[in-house]
Amino acid sequence: MPNKIDLPYTRYLDPAGQPVQPLPAWASDFALLTRLYRQMQLTRLFDLKTVALQRTGRIGTYAPCLGQEAIGVALGSLMQAEDVLVPYYRDTGLQLLRGVRMEEILLYWGGDERGSAYADPAVAEDFPLCVPIATQALHACGVASAFKIRGQHRVAVTTCGDGATSKGDFLEALNVAGAWQLPVVFVVNNNQWAISVPRRIQCGAPTLAQKAIGAGFAGEQVDGNDVVAVYERFAQALERARQGKGPVLLECLSYRLGDHTTADDATRYRPAEEVKQAWQEEPIKRLQAYLVAQGQWDESREQALIADCQAQLQAAVLAYEAIGQQPAESAMDYVYAQWPAALADQRELLQARAARQLNGGRHD
Amino acid sequence: MTEQKKITLLEAVNLALHRAMLEDANVVMLGEDIGVNGGVFRATQGLRERFGFKRVLDTPLAEAMIAGVSVGMAAQGLKPVMEIQFLGFIYAAMEHLVSHASRLRNRTRGRLSCPLVVRSPMGAGIRAPEHHSESTEALFAHIPGLRVLVPSSPARAYGLLLAAIDDPDPVIFLEPTRLYRMNPQVVVDDGRRLPLDSCFTLREGQDITLISWGGSVHETLQAAAQLEQRGVSVEVIDVACIKPLDLDTLEASVRKTGRAVIIHEAPRSCGVGAEIAASLYERALLDLQAPIVRVTAPDIPPPLYRLEQLYIPAVEDILAACDSTLNYA
């Protein structure tokens, strides 16, 4: 028999929005809960809009975060500006709260590197979205090492999906974080699917959180569709790391309601019944039911919120579409701090190629 | 350190690392066994004692981790100098070097950058175990955004390593183990940097250009001395900076001599010698008196040590190639 490890699992609100245990003290602040709700709705509407922009050819491939809004919004609400986010590619909600602009997110998925240049100084040190799976976990450990070397009370937060926990990079990151007691929080968005591979055949361990045990620090599970639970446990993890008490691994159990990306078709491998069930447990409906039951939300406020979000989205799309093309030289300007003189002839070749393409006469 | 004392390439690396850590508090070192043990070759000896465990980190045994952590540190403005114990163990770290270190500046339009240095011993010839003798500089030279350096003397190791650590971009700094304790020379610890985009002309001549780098520079200089005794005027160039290549210097030399032999320890196919030869044909075809010849390892893995001398281009191989080039119609 395998060793049994009982890890903490935290849930406050059930799928119907009913408390299953007394909520933490901070959750009596309805202004805060309402802010979380608004941000989750904004994230979802922006996400849906972004998928629609891809379907109409106005951006390229996009990785939607439908159904996982509670995770990003809880994390983004708690991180301090001086903390550093080392995200992966399904972090739209989190990035928006960090200070990445909607038009920058559209620009990145719209095929332009300036979408990762982040104009807001609050995100100047955040990493761009990481595409090669799990590698970001190690970068976060490097960022956390820098904090530790300098004696700064800052935290590196890194996110990944359930598939990423199978990679050596993830395990090497947990190992070094434990060995060096780094101020880093690992958040696994366990949305049950790594493209077409379900969680049950991704890993033989009953939980992903228990991988932290082997690295010598705490791992725990949380209901990733319950924003109260994610907020509460992430707040504890963040504080712990900030105080120099070492890393934490938080496995947030959620569900990828959308496709892996807009280039994927999840109906090829996923039973409709399972998706239908997951829609019953999604995070926005749950918090809404709780707020309504508490007399803190109603239909008119909902309508006003949606109108307000739509106005923001419209402005963002206009801003995105007003951004012109990068000049050809930009493809070379940032490869090195200064393009090496020894490669100067390649600069001329690039400019000549750009000139031909602009003239409509493609020679290649 | 007295100014007249001769030191080895290994000691020159150590001297440069001490100097870099002294000059810039952002320089940190990390790798396997580099701290208390001073590195398996002793390249980092004394650093931990002098600069402390916060700046000289003995890491867990995980190469991808060393590279990934270095990327994170560098993005934070530190200057990590990471050691991979032998070049044959670097492949686990490749994803971080190729997909992240080399691209972070470009991906963020300059918002973040990655000024790290990878130090790793390279090459055969020290009767080391399996996977300790590789020369894979071409793998790195192929990657946009990286710089690749291979010193072949104590003075060039010192000046190039300091320049590599200063450089705002990721640099792969490969140290030929065969030369670690060979040919000591006086190195003045004056902090002078060498340029990162220049070849070094080690001797000037009129009849033929020998182009080499790394461990093979040793045999190339021996071959040149023998040719000189036979009355052949030989120019020897240590490429040293593998990426980007100083093709102007190479072109000027070959235009002058009309004949070139390229000598490198790495396997022939798609080696850096192929890049140099192709570039010289593009630039100086009509000045060539003979085809360019390459003297390299064959396309085989480095043999275990009983046969490793078969792998390394010998003086006789270089002389034979020079003869065929000089005697070409």
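Basis of the calculations
Residues numbered from 1 in each chain as written. Chains lettered and ligands numbered in written order. Predicted model: local features only at pLDDT ≥ 70, side-chain atom pairs only at ≥ 80, totals over all residues. Domains from an automatic or database assignment. Core = buried A, V, L, I, M, F, W, Y, C linked by C-beta atoms within 7 Å. Buried ≥ 20, exposed ≤ 12 C-beta atoms within 10 Å, placed from the backbone. Contact = placed C-beta atoms within 7 Å. Helix = DSSP H or I, 4+ residues; strand = E, 2+ residues; numbered from the N terminus. Nonpolar A, V, L, I, M, F, W, Y, C, P; charged D, E, K, R; others polar. Axes fitted to C-alpha atoms, helices over the stretch in contact; angles between N-to-C directions. Parallel < 35°, antiparallel > 145°, perpendicular 65-115°, else oblique. Pairing = 2+ DSSP bridges.

Visitor: Looking at this structure, how should I read the domain arrangement of chain A?
Guide: As a measure of interface size, the accessible area lost when the parts come together is often cited. You can read the domains of chain A as domain 1 (9-321) and domain 2 (330-364). Put simply, the middle of domain 1 of chain A and the middle of domain 2 of chain A, counted by C-alpha atoms, are 38 Å apart.

Visitor: Just to check I follow, could you spell out the nonpolar core for this structure?
Guide: In summary, soluble globular proteins display a tendency toward joint burial of nonpolar side chains. By size, the foremost hydrophobic cluster in this structure holds 201 residues, and its most contacted members are Cys141, Val184 and Val185 of chain A together with Leu149 and Val261 of chain B. With sequence-adjacent residues up to four places away left out, Val184 of chain A is seen in contact with Ala140, Cys141, Ala144, Val155, Ala156, Thr158, Ala177, Ala241 and Pro247 of chain A.

Visitor: What's the story with the interface of chain A and chain B in this structure? I'm lost.
Guide: Taken residue by residue, the interface counts 34 residues in chain A and 36 residues in chain B. The set of elements that each furnish at least two residues to the side of chain A that touches chain B consists of α5 (135-150) and α6 (168-180) of chain A. Take the side of chain A that touches chain B: its biggest share by element is 10 residues, from α5 of chain A. Split into classes, the residues belonging to the side of chain A that touches chain B amount to 23 nonpolar, 7 polar and 4 charged.

Visitor: Before we go on, may I ask you to explain the domain arrangement of chain B in this structure?
Guide: All names here are of chain B. According to the domain assignment, chain B contains domain 1 (6-186) and domain 2 (200-326). On a C-alpha basis, the centres of domain 1 and domain 2 stand 26 Å from each other. Residue assignment for the side of domain 1 that touches domain 2 shows that the elements contributing at least two residues are α6 (137-141), β6 (147-149) and α7 (154-166). Tallied by class, residues from the side of domain 1 that touches domain 2 come to 14 nonpolar, 6 polar and 7 charged.

Visitor: I keep staring at the packing of α5 of chain A against helix α4 (residues 94-101) of chain B and nothing clicks. Help me out?
Guide: Geometrically, a packed helix pair is captured by the angle between its two axes and the distance between the axes. Contact geometry for α5 of chain A and α4 of chain B: axes closest at 11 Å, N-to-C directions at 85 degrees. Judged by the inter-axis angle, α5 of chain A sits roughly perpendicular to α4 of chain B. Between α5 of chain A and α4 of chain B, the contacting residues are Thr135, Leu138 and His139 of chain A on the first element and Glu95, His96, Ser99 and His100 of chain B on the second. Residues belonging to the contact of α5 of chain A with α4 of chain B are distributed by class as follows: 1 nonpolar, 5 polar and 1 charged.

Visitor: Looking at this structure, how should I read the sheet that holds strand β7 (residues 218-223) of chain A?
Guide: Each strand in a sheet pairs with another by means of backbone hydrogen bonds, the pair being arranged parallel or else antiparallel. All names here are of chain A. On the basis of which strands lie adjacent, the open sheet formed by 6 strands has the order β1-β7-β8-β4-β3-β2 and parallel pairing. Each of the sheet's edge strands pairs with one partner strand only, and the pair in question is β1 (9-10) and β2 (84-86). As paired strands, strand β4 (residues 184-190) and strand β8 (residues 248-253) are joined by 6 bridges and run parallel to one another. Residue Asn190 lies in a different strand from β8, and its bridge partner there is Leu253. Across the sheet, helix α9 (residues 227-242) lies against β1, β4, β7 and β8, angled at about 170 degrees from β8, the strand it touches most.

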